[in-house]
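Residues per chain are reported as follows:
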Amino acid sequence: MSVHGWSGRALTAALALALLSIAAPAQAAPADPGGKVAPDLRAQLTSGRTTTFWAVLRDKADLGPARRAAGKERNARVYRAKTELAARSQAGLRAMLKARKASFTPYWIANTVRVTGDADLAAAVAARPEVSRVLADKVVPLPKAIPASALPAVRNGTQTLEWNLDKIHTPRVWDEFADRGEGIVVANVDTGVQWDHPALAAGYRGRAADGTVNHDYSWFDPTGLCADGVPCDNAGHGTHTMGTMVGLDGDHAYGVAPGAKWIAAKGCETNGCSTASLLAAGQWIVAPTDRAGNNPRPDLAPDVVNNSWGGWGFDPWYSQIVDAWVAAGIFPAFSNGNAGPGCASAGSPGNYTAAYASGAYDSAGTVASFSSRGSGQDGTIKPNIAAPGVDVLSSVPGGGYASLSGTSMASPHTAATVALLWSAVPALRRDVATTRQVLDVTAEDVDDTSCGGTAADNNVYGEGRLDAYAAVAGARQPSGTLAGTVTAEGTPAAGVTVAVSGPVSRQSTTGADGAYRLALLPPGTYQITATKYGFRNATGTVEVKAGESERFDIALEQAPTATLSGTITDAQGPVSDATVALTNTPATTSTDSEGRFRLTAPVGRYELTITPPGGCDAVQTRTVDLSEDTTLNIRLARRWDAYGYSCARTTGGYVEGTDRVELSNSDDASAELQLPFPVWFYGRYQQQAWVSSNGQITFSGPETAYNNVAIPDPLPPNNAISAFWDDLYVDEEAGIYTATVGDRFVVEWRNIRFYADASQRLSISAEISRDGTIALHYRGLQGALASGGSATIGIENVDGTDGLQYTFGASALTDGGGVTFRPPSVP
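All values reported here derive from a predicted model rather than from experimental measurement.

Description of the packing of aromatic side chains
Phase 1: Here the structure, examined in full by the defined rule, presents 23 aromatic pairs.
Phase 2: Relative to Tyr-645, the ring of Tyr-643 lies with its centre 5.6 Å away and its plane at 35 degrees, an arrangement referred to as tilted.
Phase 3: Every member of this aromatic cluster is reached through a ring pair, and the members are Trp-309, Trp-317, Tyr-318, Trp-325 and Phe-334.
Phase 4: Positioned over the ring face of Tyr-469 is Arg-172, at 3.7 Å from the centre of the ring.

Re the nonpolar core
Phase 1: The biggest cluster of nonpolar side chains holds 64 residues, and the ones touching the most others in it are Val-186, Met-242, Trp-262, Phe-331, Leu-421 and Leu-439.
Phase 2: Ranked by residues supplied to this core, first place goes to helix 11 (residues 407-424) with 8 residues.
Phase 3: Residues in contact with Val-186, not counting those within four places in the same chain, are Met-242, Met-245, Val-246, Ala-260, Lys-261, Trp-262, Ile-263, Pro-302, Val-304 and Ala-419.
Phase 4: By size, the runner-up hydrophobic cluster in this structure holds 48 residues, among which are Ile-697, Ile-752, Leu-762 and Tyr-806.

Considering the environment of Leu-466
Phase 1: Tracing the chain through its elements places Leu-466 in the loop between helix 12 (432-442) and helix 13 (468-475).
Phase 2: Owing to a relative accessible area of 3%, Leu-466 belongs among the buried residues under this scheme.
Phase 3: When the C-alpha atoms of Leu-466 and Thr-442 are compared, they prove to be 7.7 Å apart, with 24 residues separating the residues in sequence.

Notes on the sheet that holds strand 7 (residues 154-156)
Across a sheet, strands are paired by hydrogen bonds formed along the backbone, either parallel or antiparallel in direction.
Phase 1: Taken in spatial order, the 4 strands line up as 7-8-12-11 in an open sheet, and their pairing is mixed. The outermost strands of the open sheet, each flanked by one partner alone, are strand 7 and strand 11 (248-249).
Phase 2: This element, helix 7 (residues 170-177), spans strand 7, strand 8 (159-161) and strand 12 (252-253) of the sheet and lies at about 150 degrees to strand 8.

Some points on unusual backbone geometry
Phase 1: Going from Gly-374 to Ser-375, the amide bond is cis rather than trans, its omega being 15 degrees.
Phase 2: For the bond from Pro-716 to Pro-717, the omega torsion is 5 degrees, close enough to zero to count as cis.
Phase 3: Among the secondary structure elements, Pro-717 is positioned in the loop between strand 48 (696-698) and strand 49 (720-725).
Phase 4: Its identity is not glycine, yet Asp-391 carries a phi of approximately 55 degrees, on the positive side.
Phase 5: Counting through the fold element by element, Asp-391 comes out in the loop between strand 20 (385-388) and strand 21 (392-396).
Phase 6: Judged by its relative accessible area of 15%, Asp-391 is buried.
Phase 7: Even without a glycine there, the phi angle at Glu-489 is positive, about 55 degrees.
Phase 8: In this structure, Glu-489 sits in the loop between strand 23 (480-488) and strand 24 (491-492).
Phase 9: Classification of Glu-489 by relative accessible area gives exposed; the value is 67%.

With respect to the environment of Pro-388
Phase 1: Along the chain, Pro-388 turns up in strand 20.
Phase 2: Separated by 78 residues in sequence, Pro-388 and Leu-466 have C-alpha atoms that sit 8.4 Å apart.
Phase 3: Sequence-distant contacts of Pro-388, defined by excluding residues within four places in its chain, comprise Trp-163, Asn-164, Lys-167, Ile-168, Tyr-361, Met-409, Ala-410 and His-413.

Quick notes on the pairing of strand 49
Phase 1: Most of strand 49 is tucked away, with 6 of its 6 residues classed as buried.
Phase 2: When strand 49 meets strand 55 (residues 792-796), the two strands line up antiparallel, connected through 4 bridges. Opposite Trp-725, over in strand 55, you have Thr-792 as the bridge partner.

What to know about the pairing of strand 21
Phase 1: Within strand 21, 5 of the 5 residues are buried, leaving the element largely enclosed by the surrounding structure.
Phase 2: Two strands pair when backbone bridges link them, and strand 21 and strand 22 (residues 400-404) are joined in this way by 5 bridges, in the antiparallel orientation. Bridged to Val-396 within strand 22 is Gly-400.

Structural notes on empty space enclosed by the protein
Phase 1: The computed volume of the largest cavity comes to approximately 30 Å³.
Phase 2: Val-438, Val-441, Thr-442, Gly-474, Ala-475, Arg-506 and Leu-520 are the residues that line the largest cavity.
Phase 3: If you list the elements that add at least two residues to the lining of the largest cavity, you get helix 12 and helix 13.
Phase 4: Sort the elements by how many residues they give to the lining of the largest cavity and helix 12 lands first, with 3 residues.

Re the environment of Asn-188
Phase 1: Relative to the assigned elements, Asn-188 resides in strand 9 (residues 185-190).
Phase 2: Taking relative accessible area as the criterion, Asn-188 reaches 0% and is therefore assigned buried.
Phase 3: Asn-188 sits 630 residues away from Gly-818 along the chain, and the two C-alpha atoms are 44 Å apart.
Phase 4: Beyond its immediate chain neighbours, meaning those up to four positions away, Asn-188 contacts Val-193, Gly-238, Thr-241, Met-242, Met-245, Ile-263, Ala-264, Ala-265, Val-305 and Asn-306.

Some remarks on the side chain of Thr-417
Phase 1: Residue placement: Thr-417 occurs in helix 11.
Phase 2: The buried category is assigned to Thr-417, whose relative accessible area is 0%.
Phase 3: Sequence-distant contacts of Thr-417, defined by excluding residues within four places in its chain, comprise Ile-168, Val-256, Leu-439, Leu-466 and Ala-468.

Observations regarding the sheet that holds strand 29 (residues 538-544)
Phase 1: Judged by pairing direction, the sheet is antiparallel, and its 4 strands sit side by side in the order 26-25-28-29 without closing on themselves. Each edge of the sheet is formed by a strand with only one pairing partner; in this case those strands are strand 26 (505-509) and strand 29. Between one strand and the next, the sheet's axes are offset by a mean angle of 20 degrees, whatever the strand orientation.
Phase 2: Relative to strand 26, strand 25 (residues 497-501) is paired through 5 bridges, and the arrangement is antiparallel. Looking at strand 26, one finds that Ser-501 is bridged to Ser-505.

Remarks on the state of the cysteines
Phase 1: As enumerated under the stated definition, the model contains 4 disulfides in all.
Phase 2: A sulfur-sulfur separation of 2.0 Å characterises the disulfide bridge that pairs Cys-268 with Cys-273. Across the S-S bond of Cys-268 and Cys-273 the torsion is about 90 degrees, and the bridge reads as right-handed.
Phase 3: When its relative accessible area of 0% is taken as the criterion, Cys-268 is described as buried.
Phase 4: Between the sulfur atoms of Cys-616 and its disulfide mate Cys-647 the distance is 2.0 Å. Given an S-S torsion of about -125 degrees, the disulfide between Cys-616 and Cys-647 has left-handed geometry. Of the two residues, Cys-616 is situated in the loop between strand 37 (604-611) and strand 38 (620-626) and Cys-647 in strand 41 (residues 646-651); the sequence distance between them amounts to 31 residues.

As for helix 5 (residues 119-126)
Phase 1: Most of helix 5 is tucked away, with 7 of its 8 residues classed as buried.
Phase 2: Against strand 2 (51-57), helix 4 (91-99), strand 4 (112-117) and strand 5 (131-136) lie the buried residues of helix 5.
Phase 3: Measuring from the backbone nitrogen of Asp-120 back to the side-chain oxygen at the start of helix 5 gives 3.3 Å, which picks out Asp-118 as the cap.

What to know about helix 4
Note: α-helices contain 3.6 residues per turn, so residues at a spacing of three or four share the same orientation.
Phase 1: Looking at helix 4, one finds that the buried residues are Leu-93, Met-96 and Leu-97. Down the axis of helix 4, the buried set is contained in an arc of 95 degrees. They therefore lie on one face. Pointing more than 90 degrees away from the buried face of helix 4 are the exposed residues Lys-98 and Ala-99.
Phase 2: Structurally, helix 4 contributes buried residues whose contacts are with strand 2, strand 3 (103-107), strand 4, helix 5 and strand 5.
Phase 3: Following helix 4 by one or two positions, Lys-101 has its phi on the positive side, about 55 degrees.

Some words on the pattern of salt bridges
Phase 1: Scanning the model with the defined rule gives 20 salt bridges in all.
Phase 2: For the salt bridge of Asp-553 with Arg-551, the shortest nitrogen-to-oxygen distance reads 3.2 Å.
Phase 3: The shortest N-O distance in the salt bridge between Arg-605 and Asp-625 comes to 2.8 Å. Of this pair, Arg-605 sits in strand 37 while Asp-625 sits in strand 38, and the two are 20 residues apart along the sequence.
Phase 4: Judged by relative accessible area, which is 61%, Arg-605 ranks as exposed.
Phase 5: Salt bridges here are not isolated pairs; linked through shared partners, they connect Glu-73, Arg-77 and Arg-80.

Scoring rules and cut-offs
- Residues numbered from 1 in each chain as written.
- Predicted model: local features only at pLDDT ≥ 70, side-chain atom pairs only at ≥ 80, totals over all residues.
- Heavy atoms only, no water.
- Phe/Tyr/Trp six-rings, centres within 6.5 Å; stacked < 30°, edge-to-face > 60°.
- Lys NZ or Arg CZ within 6 Å of the ring centre and 35° of its normal.
- Core = buried A, V, L, I, M, F, W, Y, C linked by side-chain atoms within 4.5 Å.
- Buried < 20%, exposed > 50% of the residue type's maximum accessible area, 1.4 Å probe, protein only.
- Helix = DSSP H or I, 4+ residues; strand = E, 2+ residues; numbered from the N terminus.
- Contact = heavy atoms within 4.5 Å.
- Pairing = 2+ DSSP bridges.
- Axes fitted to C-alpha atoms, helices over the stretch in contact; angles between N-to-C directions.
- 1 Å grid on protein atoms, 1.4 Å probe; cavity = no way out; pocket = protein on both sides within 12 Å on 5 of 7 lines; lining within 4 Å.
- Points joined across faces, edges and corners; volume = space filled by probe spheres on them.
- Disulfide = S-S within 2.5 Å.
- Polar contact = N/O pair within 3.5 Å; in protein donor to acceptor, adjacent residues only side chain to side chain.
- Arc of directions from axis to C-beta.
- Salt bridge = Lys/Arg side-chain N within 4 Å of Asp/Glu carboxyl O.

Honestly, it's all geometry; don't read function into it.
Structure (structure tokens):
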């Protein structure tokens, strides 16, 4: 489980799979006629040991009544619905496990049971009709920290505060509205908190006005790592994120909402975050308990919960927890991930539609290179918003302060801004949907469509830069509400964008019931437009009055369609696995082995984008008038860098090394290589080379950078071949080898693993020819990351001003495939 205030590549794989690993059990794989047992668990169960696994049950609680309730009753109804369903649906499974004297722990928040047993027990669990899946347990190591430096503090009257608080205009909220988050309770699920830190002690809910302390209902440690049930933080991360929410030390403010109270649940252990701890923490947020985990009190649930953790890619395993929080009226703030700057790098759970995720920017307002980009679940814009996340100074264990960078540091700004909002406008409290709208419409737009979206709402900055003052000020203005239902052919239509323009412009998206709601609309006349792909736009006019709620229902009509088909080729012939998409629509497909594609879309005028797999061909766009069925054949142009290097996709040709390089059990290590001949590279002969455990060959000296970036880039490392630059690790099952085969020098990374996940591996062979031709081959790809989803592959000149990138943060590799780079000529 990654913690997003910490290193880019080390954390990209953190929660990329379903429910988390530890070890392995019995003699043979379990009988599994229903196919319920996950493949990785089946593999563990053949090794002859007992292991821990998860039984996921089919039934889900109906949270509709909770959503319709008011106040703290929402928490109580979520708790009741969840616990009653778990007790009823898990009864048979629990009885069977008790009869077998198996070790197990039930969880109501996601209707799942953690079981320890062998292959026979797993088979018995899988055979039960109420069980939908049986999954392996996984634990991911905590990542490395991103270095950061402290920036000068800002003076505001009699108070000192950090740059990040000034940047989102919190002093104006404090001064003009006398609002510091009073009456609101924030929480975090993190590595713990030093409760008596000078910046945090006064705001801890477990500390009474007379100084006495009772940790029940304000602290929960399912990991059991904190002695005597007293809050602790053995990693430092949770104390830092809490400080950014509420920290105040004398007249020095570190937190956005220093008047709010805080509670915390420790969801991460010493070297990682386990499924068990995160699930236990998630259900404690809905219904806090005493320190022993007993006597739940839904009425003591927090208002806001910050989650500065998550993993690379989309994985719905935590979605039931997030949905439960929202149904209870608890605002779910998440970090978006540190896997940037590649597109589609947002991590789960932050990339869930129900989660409100923050990207990170620096003191100049520029998005951080590490900040993950969207899109998110079902193509939604991610992050939702951007907040300060570079060089953020906050509290750390030991009573001191430290500067850290990451989207972990950004999310607490957003969470605490919600505390300011709900303190200033009590009618907003527990109204998560309207609060999201307020944050969205008051954010400062930043035009960056490099990963899709629009100038006002894109996959780099989301809705824009967080503005706490604009959010609170806007929410305090006289306003009305517009609500209604959108239908299509008489049934509720989900995913419809309902936009209004008038005194202000706002938009909402319908849920599964077709309902939409736009709150905090200044009085006036509005034009309303409902849009959904595949349907004709529907429009109307409505008058909104202060203090009143207007209703406007909408019926959509299906739009006529046409088919676009054709073939994509390049200089090598048909291009397979190219993405063919109608920009800003869900109409997308991939070419087959013959380069053919076919897609159907509503009649209209579109921008067609063809994105080849890898960077040897140029992305091509053109306008298409799809008024009828149309055939379009397109030849892609080859790419060259400024020096003249080009590349081409290849298959086969993997060459193994024979001589082992001493880099075993090494992380971020480098070794010098003896080149058998001078190598032509960007206009000069190279006499020396170094190999890095992180998948690079460099010619200017040893390099061990693990946080890969897009190339070319003037920052080091430069003068390099990035065969597969990522955060890799040479363990006892891996090795680096070299060989000389004629006029080719071979460097092989054999069965190398990813730092963040030992189960994901690959082998890489780099052939460097005397004439400067570089052939890269790949095989043994195990796991999603091994296809290049977080790696940089390409070549770069001596100062990083020129280079040819094959891929960055995109899954462009196939087992047995490769890419060859060729120079223009050799003297």
